[in-house]
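# Per-entry structural report
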Amino acid sequence: MLSYIIKRLFVLIPILLGVSIITFSLVYFTPGDPARQALRQQMGGEDPPPAAVEQVRDEMGLNQPLHIQYYNWLKGAVRGDLGESMVTGNPVTQEIIRVFPYTLKLSLFSMLVAIVIAVPIGIISALKHNSIIDYLSMIGALIGVSMPNFWLALLLMLVFSIHLGIFPVYGSGGGIETLILPGITLGTGMAAMTTRLIRSSMLDVLMQEYTEFAKAKGLSNWEVVNRHALKNAMIPVITYLGLQIGWAFEGAVIVENIFARPGIGRLLYDAVSARDFPVIQGVVLYITVVFVMVNLLIDILYVLIDPRIKYNKRET
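Here we summarise the structure given alongside this text. What you see is a predicted model; the values in this text were computed from it and never measured.

### Regarding the overall build of the chain
- Across its full length, the chain holds 12 helices and zero strands.
- Walking the chain from its N terminus toward its C terminus, one meets helices and strands in the order α-α-α-α-α-α-α-α-α-α-α-α.
- Considering the chain as a whole, with its 316 residues, one finds that 41% of them fall into the buried category.
- Contacts in the chain between residues at least 24 apart in sequence constitute 70% of all its contacts with a sequence separation of at least 6.
- Surface exposure of the chain reaches about 17100 Å², of which carbon and sulfur atoms provide 67%.

Given below as structure tokens:
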């Protein structure tokens, strides 16, 4: 197991390098001058003089060749220094650490929403295969997948915030009430996809010989599901939930902006709008690291869930 983890950590290096190169290149070739944009914001929207723009470009190192700029950035990133924001002047790492808890809280809550909805519906749908309950569940899942986040967010705000006044329209202060509508918005799409996956996985397991044998022994449906089917059916679902973490960060860009919540997504949106290169590069790299580390943890969890899976050849 330890050798497998070490190998996977080494595999992460080219992945992170590839993502950093692509992100750095895309940002570099995007039209517009970040130095002029930063000065314009500092001057309240006025167009800065060319001499001032050129001076800022020199200070930021933007006049250096692209590979030198990338090398300097990468050297700092290895040490945990992702540069400074062109807009606020604060260290990018500090900006990310400041808002990351908000996005993490939203992502975990939305996953909790997805699990609470998807697990019981997926299991019942599989047990009631080809029944009216199964059809209704799949129609509901199809609707959940088809609804865009921004549309569902506005609908929830209109009903539960404006008309009923149950939850606040926006913000992140207070208690859990500010988290419910964003969490449902982000978790609904996840729940729909997870429901379909649990249903198909459960159907596959319920058709296996060992579950048929358990039924022949006289066990009830609940005992068959609880003792034999559910654990095996959850293995592909856990993989999918690991991928959901990355999608939650992606969806947070829209949800955090609609609900005016601080977070990684909103930080990225503001950075793209202001052409704040160091923040864009830092946030994308940070999301990539979180995504691959979560998937590594998911792979390790496989061993705990299914002892048949071994990563070391000597253990097989």
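### Here's the deal with the pattern of salt bridges
- Tallying each qualifying case throughout the model produces two salt bridges.
- One salt bridge connects Arg98 with Glu95, and the closest N-O pair in it is separated by 2.9 Å. Of the two residues, Arg98 and Glu95 both sit in helix α5 (residues 92–127), three residues apart, roughly one turn of that helix.
- The partner of Arg199 in a salt bridge is Asp134, with the nearest N and O atoms 2.7 Å apart. Here Asp134 lies in helix α6 (residues 132–146) and Arg199 lies in helix α8 (residues 177–206), a separation of 65 residues in the sequence. Each member of the pair, Arg199 as well as Asp134, is classed as buried.

### Things to note about the side chain of Thr195
- Mapped onto the secondary structure, Thr195 falls in helix α8.
- You can call Thr195 buried: its relative accessible area is 4%.
- When residues no more than four places from it in sequence are discounted, the contact partners of Thr195 are Ala118, Ile121, Gly122 and Met138.

### Let's talk about the packing of aromatic side chains
- Per the counting criterion, the structure on display carries three aromatic pairs.
- Here Phe100 and Tyr286 contribute two aromatic rings whose centre-to-centre distance is 5.3 Å and whose plane-to-plane angle is 80°, an arrangement assigned as edge-to-face. Placement of the pair is Phe100 in helix α5 and Tyr286 in helix α12 (residues 277–305), with a sequence separation of 186 residues.
- In this structure Tyr286 comes out as partly exposed when scored by relative accessible area, which is 28%.

### What about the nonpolar core?
- If you look at the biggest cluster of nonpolar residues, it comprises 72 residues, and the most contacted ones within it are Leu82, Ile96, Ile198, Met202, Phe249, Ile264 and Val283.
- Excluding anything up to four places from it in sequence, Ile264 contacts Ile96, Val99, Phe100, Thr103, Phe249, Glu256, Val283 and Ile287.

### Some points on helix α10 (residues 221–258)
- Here α10 is 38 residues long, yet its end C-alpha atoms lie only 44 Å apart, well below the 56 Å a rise of 1.5 Å per residue gives.
- At Ala229, α10 shows its largest kink, close to 55°.
- Immediately downstream of α10, the backbone of Ala260 shows phi near 50°, a positive value.

### Side note on the packing of α5 against α10
- Packing of α5 against α10 brings their axes to within 8 Å, and their N-to-C directions diverge by 140°. The element α5 and its partner α10 pack so that their crossing is right-handed. Contact residues: Phe100, Thr103, Leu106, Ser107, Met111, Ile115, Ile123 and Leu127 in α5; Val225, Leu230, Leu241, Gln244, Ile245, Ala248, Phe249, Ala252, Val255 and Glu256 in α10.
- When grouped by side-chain class, the residues that make up the contact of α5 with α10 number 14 nonpolar, three polar and one charged.

### Looking at α6
- Spanning 15 residues, α6 covers 21 Å between terminal C-alpha atoms, matching the ideal 21 Å at 1.5 Å per step.
- Burial in α6 covers these residues: Asp134, Ser137, Met138, Ala141 and Gly144. Buried residues of α6, viewed axially, fall in a sector of 120°; they line one side. Exposed side of α6, more than 90 degrees from the buried face: Ile132, Leu136 and Leu142 are the residues found there.
- Elements in contact with the buried residues of α6: α5 and α8.

### Brief notes about the environment of Pro101
- Inspection of the secondary structure puts Pro101 in helix α5.
- Judged by relative accessible area, Pro101 falls into the partly exposed class, the value being 42%.
- When the C-alpha atoms of Pro101 and Leu164 are compared, they prove to be 29 Å apart, with 63 residues separating the residues in sequence.

### What to know about unusual backbone geometry
- Phi is positive for Asn130, close to 65°, though the residue is something other than glycine.
- Looking at the element boundaries, Asn130 is found in the loop between α5 and α6.
- In this structure Asn130 comes out as partly exposed when scored by relative accessible area, which is 47%.

### Points about the environment of Tyr135
- Residue placement: Tyr135 occurs in helix α6.
- Placed 10 residues apart in sequence, Tyr135 and Ser125 show a C-alpha to C-alpha distance of 8.0 Å.

Reading guide: rules and limits
- Residues numbered from 1 in each chain as written.
- Predicted model: local features only at pLDDT ≥ 70, side-chain atom pairs only at ≥ 80, totals over all residues.
- Heavy atoms only, no water.
- Helix = DSSP H or I, 4+ residues; strand = E, 2+ residues; numbered from the N terminus.
- Buried < 20%, exposed > 50% of the residue type's maximum accessible area, 1.4 Å probe, protein only.
- Contact = heavy atoms within 4.5 Å.
- Areas by Shrake-Rupley, 256 points an atom, 1.4 Å probe, with all protein chains shown as cover.
- Salt bridge = Lys/Arg side-chain N within 4 Å of Asp/Glu carboxyl O.
- Phe/Tyr/Trp six-rings, centres within 6.5 Å; stacked < 30°, edge-to-face > 60°.
- Core = buried A, V, L, I, M, F, W, Y, C linked by side-chain atoms within 4.5 Å.
- Expected span 1.5 Å × (residues − 1).
- Bend = angle between axes of the 7 residues up to and from the residue.
- Axes fitted to C-alpha atoms, helices over the stretch in contact; angles between N-to-C directions.
- Left-handed = near helix turned anticlockwise from the far one by under 90°.
- Nonpolar A, V, L, I, M, F, W, Y, C, P; charged D, E, K, R; others polar.
- Arc of directions from axis to C-beta.

Any link to function would need more than the numbers given here.
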